[in-house]
Amino acid sequence: MSGNALAEPLQRQERSNFDIVGQGGRDASLMLADMQNSSEQAEPTSSREPFRMVDQIGFVLGVLNTYFVAYLMGGRQYLLPIIYTIKAPILIGTRFFIYKANKWHYFLLDFCYFGNFLLLVYLWGAPSQPYLFLVAFSVMNGPIAWAVIIFNNSLVFHSLDKVTSVFIHVTPPFVTFCIRWYIESMHADAPYGSNYSICIDDACSAPFLWLVLVPWGYFLAHQIGYFIFVQLLPHKKLRQDKEILTSYRYLTSKKNTHLFMVVNCFGKKGRVYMFGVVNSVYAFLTILPNMIWYQWFGAHIAFLCILVVIITWNGASFYFSVFKREQKTQPKIKPLAESASLAIQN
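As the structure is a prediction and not an experimental result, all values here were calculated from the model.

Undergrad: I would appreciate a short explanation of the nonpolar core in the present structure.
TA: For soluble globular proteins, nonpolar side chains are generally found buried alongside one another. Counting residues in each nonpolar core, the largest one holds 71 residues, and the members touching the most others are Leu80, Leu123, Ile179 and Tyr294. For this core, the element with the highest residue contribution is helix 6 (residues 130-150), accounting for ten residues. Aside from chain neighbours lying at most four places away, what touches Tyr294 is Phe133, Leu134, Phe137, Arg180, Trp181, Ile198, Cys199 and Leu211. Ranked by size, the runner-up nonpolar core spans five residues in total, among them Tyr226, Val230, Leu238 and Ile244.

Undergrad: Explanation requested: the pattern of salt bridges in the structure shown.
TA: Between side chains of opposite charge, pairing is possible as soon as their charged atoms come close. Tallying each qualifying case throughout the model produces three salt bridges. Among the ionic pairs, Asp241 bridges to Lys103, the shortest N-O distance being 2.9 Å. Placement of Asp241 in the loop between helix 10 (236-240) and helix 11 (247-251) and of Lys103 in the loop between helix 4 (80-101) and helix 5 (111-125) is noted, with a sequence separation of 138 residues between them. With a relative accessible area of 29%, Lys103 lands in the partly exposed category.

Undergrad: Sorry if this is basic, but what is going on with the environment of Pro207 here?
TA: Within the secondary structure layout, Pro207 lies in helix 9 (residues 207-232). Taking the C-alpha atoms as reference points, Pro207 and Met291, separated by 84 residues in sequence, lie 7.8 Å from one another.

Undergrad: Even after reading the chapter, I still don't get helix 7 (residues 160-181), so can you show me in this structure?
TA: Every α-helical turn comprises 3.6 residues, leaving residues that sit three or four positions apart pointing alike. Here helix 7 contains 22 residues, and its C-alpha end-to-end distance of 31 Å stays within 8% of the 32 Å for a straight helix at 1.5 Å per residue. Of all the bends found along helix 7, the most pronounced is centred on Phe167 and spans about 35°. Among the 22 residues of helix 7, 19 are classified as buried, and the element is accordingly described as predominantly covered.

Undergrad: I tried to follow the packing of aromatic side chains on my own but got confused; where do I start?
TA: For any two aromatic rings, the description comes down to two numbers: the centre-to-centre distance and the angle of the planes. What the rule picks out here adds up to 22 aromatic pairs. Here the aromatic rings of Phe59 and Phe157 are separated by 5.3 Å at their centres, their planes lie at 85°, and the arrangement is edge-to-face. On the criterion of sequence distance, the pair formed by Phe59 in helix 3 (residues 45-75) and Phe157 in the loop between helix 6 and helix 7 is long-range, its members being 98 residues apart. On the basis of relative accessibility, which here comes to 37%, the residue Phe59 falls in the partly exposed class. Owing to a relative accessible area of 16%, Phe157 belongs among the buried residues under this scheme. An angle of 25° between the planes, with centres 5.5 Å apart, marks the rings of Tyr84 and Phe167 as stacked. One end of the pair, Tyr84, is in helix 4; the other, Phe167, is in helix 7, and 83 residues separate them in sequence. Note on accessibility: Tyr84 and Phe167 belong to one class, buried. Put simply, the rings of Tyr122, Phe133, Phe137, Tyr196 and Tyr294 touch in pairs and so form one group of aromatic residues. We note Arg180 situated over the ring of Trp181; from NZ or CZ to the ring centre the distance is 3.9 Å. The positively charged end of Arg180 is found above the aromatic ring belonging to Tyr294, 4.4 Å away from the centroid.

The rules behind these values
- Residues numbered from 1 in each chain as written.
- Predicted model: local features only at pLDDT ≥ 70, side-chain atom pairs only at ≥ 80, totals over all residues.
- Heavy atoms only, no water.
- Core = buried A, V, L, I, M, F, W, Y, C linked by side-chain atoms within 4.5 Å.
- Buried < 20%, exposed > 50% of the residue type's maximum accessible area, 1.4 Å probe, protein only.
- Helix = DSSP H or I, 4+ residues; strand = E, 2+ residues; numbered from the N terminus.
- Contact = heavy atoms within 4.5 Å.
- Salt bridge = Lys/Arg side-chain N within 4 Å of Asp/Glu carboxyl O.
- Expected span 1.5 Å × (residues − 1).
- Bend = angle between axes of the 7 residues up to and from the residue.
- Phe/Tyr/Trp six-rings, centres within 6.5 Å; stacked < 30°, edge-to-face > 60°.
- Lys NZ or Arg CZ within 6 Å of the ring centre and 35° of its normal.

So yeah, pure geometry; function would need other evidence.
The following block contains the structure:
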């Protein structure tokens, strides 16, 4: 699971900040509106302006970044892996310090970050290994990409945390898309050449092994390591400090969810094991479609377009729910015609 599931804890701890960590769902949006309204009533205008300016700058940069990525995918595909490599340590590193300060740093042990690490290994460690690309392609377009739906990611430009979540889950599929379908133009356009090597047609054998079984094995290896480090042999501080959040603690704390009902089917002692089973089944089911994405360009681009529509829709829901709440709290103003008529009568 990913650290994007932190909407509620952050809402409780950062009530004075306009930027909320979370999924961009309606609950987070309404909480954001509540914080804005209470802040505006309590603080003078001069103290609010810097936050509004930061939000505006973040929004502008976010929009420009969207145009920039679209331009790279359409005409300068060879640059996208480089831009991705520059952004990854900056955004994930910033998230680490923020999460560490709030005792959420165990979320960075989730598979999403290990998946991104695998892509970086291929890009800069073994770009000439076609089978490694198959594994990276499947992981990026499998559990990583589908997390957009699971975690309800949203394109909220002024929120660094939401932008980081979108980057972690959407940019890697974009990078592998460019390498898979535009490798010839990437070789031709790169000023210093490109040595990416992928499996095309019958050049590589056993696609099911490398597109499904090996990627799933990579996921299971992470699950086993995560279970040993976080669940089986947790650090003393992690056992004693219940404020430290992990994916397991957060997701199993909601007793009324379908996930909790599934992981709790064998009682409290079996929760941690069922949690691993659910994650493993999720990974396998999201990896399977890569047999289609890798073979058909139209299917792959349609899948990525659906992801873009989802994050955009969630972002719109976030903003418009805030706008709606803001309008409800503003004093009602009489129509201009009625005001003018009253003025003439007086």
